[in-house]
Amino acid sequence: MVVLNGLFPVLALLFLGGCLKKLRLTNDAFLKTADKLVYFIFFPAMLFWKIGGARTADGIHWPFCLASLTAVGILYLISAGVILLAVPEFEAGSFSQACYRFNTYIGMAVILGTLGEEGARHFGIMVGFAIPIINTLAVSTLIWHSGRRFSPGERLRITGRALVSNPLILACAAGILHARLAGAFPAFIDGAFKLATSVTLPLALISIGGTLTFETLRGHLKLSLVAAALKLILFPLVGYTCLKYYSVSGVPFKVGMIFFALPTSTAIYVLSSQLNSSTALASASIVVSTLLSFIPLSIVLLL
């Protein structure tokens, strides 16, 4: 029942998104607009609200954040080794991202459904630290394997732009600052945030479900399965070891294990298209990782 209660709502909305697209009640234009609304407005508002309204005394759980970031770094190095051995140059950037980037929307949906507000707060704070590091790793790898020559200044500019223009990073930073300086929101503001952000996760999951397609798997199934194995099998094992090493327990430990079992981010397609990497592999990796992720997520929730 824990698995069913935690994952069925997510699966149901992903399935609904696919059905709505098949029935032509949604289309590509709608899904792109929904993505923008979630990414630039609703999800940043949710992160700011969840983190900014927390009690200052709760603070940042540093061992949990360090364990999560250490695991990301280890997976990045492992993916780099696999790239050197078996991944073509054009597909390297997309493959690398698929191994360690994570779907924040599915993560927040599962954590809210199973661990409640405390879990969401820990996840939101960790995301604020993880996204800048992950974006830096992703952009650096894409630039290196893009086949184009970039000056050091151009590399810094592209990486810096990817960081300072990310609304999730800005929302997390603003939320931590608000929690430190002001704490809980007044009731009328809290109510406004609650109403406005209630659309966030349903809209995000419907959008993800509507964009999943098996057509992109043709010719890219092998590499997408390798990336999914690293993301969904090795990452949880490495993450578990890191959590134990940093003596993380309780709710942060549970949040961490859910985080390590999440599918890859749908945003890997955008960066791949911008920096000359395989968008076909990116799309295939998103589909395979999303569908297979419910196996490790189920195991994590059972344990």
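Residues numbered from 1 in each chain as written. Predicted model: local features only at pLDDT ≥ 70, side-chain atom pairs only at ≥ 80, totals over all residues. Heavy atoms only, no water.

This brings us to the layout of surface pockets. The rolling of a water-molecule-sized probe over the atoms marks out the regions of remaining empty space. When its volume is computed, the second largest pocket comes out at roughly 570 Å³. As for the second largest pocket, its lining consists of 22 residues, of which Met-257, Pro-296, Ile-299, Val-300 and Leu-303 are closest to the centre. At the level of elements, helix H5 (104–144), helix H10 (221–245), helix H11 (250–260) and helix H14 (294–302) are the ones that each hand at least two residues to the lining of the second largest pocket. Take the lining of the second largest pocket: its biggest share by element is eight residues, from H10. Grouping the amino acids of the lining of the second largest pocket by side-chain chemistry returns 20 nonpolar, one polar and one charged. (1 Å grid on protein atoms, 1.4 Å probe; cavity = no way out; pocket = protein on both sides within 12 Å on 5 of 7 lines; lining within 4 Å. Points joined across faces, edges and corners; volume = space filled by probe spheres on them. Helix = DSSP H or I, 4+ residues; strand = E, 2+ residues; numbered from the N terminus. Nonpolar A, V, L, I, M, F, W, Y, C, P; charged D, E, K, R; others polar.)

The next point concerns the packing of aromatic side chains. Applying the stated criterion to the full structure yields 14 aromatic pairs. Plain terms: the ring middles of Phe-185 and Phe-193 are 5.3 Å apart, the flat faces sit at 45° to each other, and that makes the pair tilted. Neither Phe-185 nor Phe-193 differs from the other in exposure class; each is buried. A ring pair is formed by Phe-259 and Phe-260, whose centres lie 5.2 Å apart and whose planes are at 50°; its orientation type is tilted. Here Phe-259 falls in the buried class, since its relative accessible area comes to 0%. (Phe/Tyr/Trp six-rings, centres within 6.5 Å; stacked < 30°, edge-to-face > 60°. Buried < 20%, exposed > 50% of the residue type's maximum accessible area, 1.4 Å probe, protein only.)

On to the side chain of Ser-265. Assignment of secondary structure puts Ser-265 in the loop between H11 and helix H12 (268–274). Once residues lying within four places of it in the same chain are set aside, the contact partners of Ser-265 are Arg-101, Phe-102, Asn-103 and Ile-286. (Contact = heavy atoms within 4.5 Å.)

A separate point is the packing of H5 against helix H7 (residues 167–181). Helix packing for two helices is described by the angle between their axes and how far apart those axes are. Between H5 and H7, the shortest axis-to-axis distance is 9 Å and the interhelical angle comes to 135°. With respect to their mutual orientation, H5 and H7 come out oblique. Here H5 and H7 pass one another in a crossing that is left-handed. Facing Gly-124, Ile-125, Val-127, Gly-128, Ile-131 and Pro-132 of H5, the residues of H7 in contact are Leu-168, Ile-169, Cys-172 and Ile-176. The residue makeup of the contact of H5 with H7, split by class, is eight nonpolar, two polar and no charged. (Axes fitted to C-alpha atoms, helices over the stretch in contact; angles between N-to-C directions. Parallel < 35°, antiparallel > 145°, perpendicular 65-115°, else oblique. Left-handed = near helix turned anticlockwise from the far one by under 90°.)

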